[in-house]
Amino acid sequence: QSLPQQKLLTWLSVLECVEVFAEMGTARVWGEIGRWTIIVLIQLAKAILRLLLLLWYKTGIQTSPPIVPLKREQQQPLHPQDVEGSSSGKDQTYVGKRSSRVVRSLQSTPSLHSRHWGSPQQREESHSRRAEEMNQLPTPLGLQETIAESLYITRPLLHLLSLGVWGQRSWKPWLLSAVLDISSLSLLSDLKDLNRRERAELRRRTILLLYYLLRSPFYDRYSEGRILLLLRLLADYVPGVGFVTRPLMDYLPAWQKIYFYNWG
């Protein structure tokens, strides 16, 4: 990735990390007008950054979060003894005569902070697999797929515009957003040669369609009573579940009021 592209991804990640805090803080200080102003500004900035990445840098299907969090326990480098002896696995391992089990020899045991419990071959395979995933280029998008990804990127802006035109209690913003999400996924479903990261992102977007059950006005008119009844039954009749469901019942009304929890 080029340096400008890395900067765009960094700013996009920062926006996604602070958007809920910015909405709640602005609402506390400047009220509803300030809240909706910061929502529009953040969504506009995110859409511009994502469109630049899509159309200028050809990043393909974009993930959320834009920068995948680092798993430090999986990123430990190979021990120097492993690197030296990688060409001769016999020096590092011992194969049991009766069990055929592969174990590490005492001479090649790494220091405690970098020790792992797999065989050297498994360690090398996992490192090479992670390196291959990180170096995979994004799948090139044709015109149809570019339009689909653009629909997904601009959907928050169109939803905010429809809220301003028809109001928060109207079904039209809800339906418009659902149509755009489903259309984007259906157009992207024709892609076959997706890498692992892109397939995971499409699965995540498909699962997020369940959020429409929790978004107003559908939630206010249909889902709320049923969801609260189910949580109450679980809390009353399933031992131990109440520690989770009762706080969730109290949290749902507050969750509903925050735009970036619902629609972000």
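Above: the structure in question.
Source: prediction; values computed, not measured.

Colleague: It is not clear to me how the nonpolar core should be interpreted in this structure. Could you clarify?
Modeller: Note that soluble globular proteins tend to have their nonpolar side chains buried in a common cluster. Core analysis: the biggest nonpolar cluster contains 13 residues, and I39, L160, Y212, Y259, F260 and W263 have the highest contact counts within it. Residue assignment for this core shows that the elements contributing at least two residues are α1 (3-55), α5 (143-166), α6 (171-188) and α10 (259-262). Here this core gathers at least three residues from each of two domains, domain 1 (3-65 + 139-214) and domain 2 (215-263). Excluding its chain neighbours within four sequence positions, the residues that come into contact with Y259 are E23, R35, W36, I39, Q43, P156, H159, L160, L163 and G264. In terms of nonpolar packing, the next biggest core, distinct from the first, is built from seven residues, I61, A148, L185 and L188 among them.

Colleague: Please explain helix α9 (residues 242-257) as it appears in this structure.
Modeller: The α-helix winds at 3.6 residues per turn, so residues separated by three or four positions along the chain end up facing the same way. Over its 16 residues, α9 runs 24 Å from end to end, which matches the ideal 22 Å to within 8%, given 1.5 Å per residue. The largest bend in α9 comes to about 40 degrees, at Y251, with the proline P253 one to four residues further on.

Colleague: Would you mind showing me how to read the environment of I48 here?
Modeller: Among the structural elements, I48 can be located in helix α1. For the pair I48 and L12, spaced 36 residues apart in sequence, the C-alpha to C-alpha distance is 9.8 Å.

Colleague: Can you walk me through the packing of aromatic side chains in this structure?
Modeller: Taken as a whole and judged by the stated rule, the model has 11 aromatic pairs. On the numbers, 6.1 Å between centres and 55 degrees between planes, the contact of W171 with Y222 is tilted. Placement of the pair is W171 in helix α6 and Y222 in helix α8 (residues 218-237), with a sequence separation of 51 residues. A ring pair is formed by Y259 and F260, whose centres lie 5.8 Å apart and whose planes are at 80 degrees; its orientation type is edge-to-face. In this structure, R35 is placed above the aromatic ring of W36, and the distance from its NZ or CZ to the ring centre is 4.9 Å. Looking at R215, its charged tip hangs above the ring of Y212, at a distance of 4.5 Å from the centre.

Criteria and thresholds
- Residue positions are given per chain, counted from 1 along the sequence in the order it is written.
- Given that this is a predicted model, residues contribute local features only at a pLDDT of at least 70 and side-chain atom pairs are listed and counted only at 80 or more, while totals for whole chains, interfaces and linings are drawn from all residues.
- With hydrogens and water stripped out, all remaining heavy atoms of the structure feed into the side-chain values.
- Working definition of a nonpolar core: buried Ala, Val, Leu, Ile, Met, Phe, Trp, Tyr and Cys residues. They are joined through side-chain atoms within 4.5 Å.
- Relative accessibility decides the category of a residue: with a 1.4 Å probe and only protein chains considered, values under 20% of the type maximum give buried, values over 50% give exposed, and everything between is partly exposed.
- Helix numbers and strand numbers start at the N terminus; a helix is a DSSP run of H or I with at least 4 residues, a strand a run of E with at least 2.
- These domain limits were set by an automatic method or by a database of domain assignments.
- Any two residues whose heavy atoms approach within 4.5 Å are treated as being in contact.
- One less than the residue count of a helix, multiplied by 1.5 Å, gives the span that helix is expected to have.
- Two axes are fitted around each residue, one to the seven residues ending there and one to the seven starting there, and the angle between them is reported as the bend at that residue.
- Two rings from Phe, Tyr or Trp (for Trp, the six-membered ring) form a pair when their centres are within 6.5 Å of each other. A pair whose planes differ by under 30 degrees is stacked, one over 60 is edge-to-face, and the rest are tilted.
- Note on geometry: a ring has a charge over it if NZ (lysine) or CZ (arginine) is within 6 Å of the ring centre and within 35 degrees of the ring normal.

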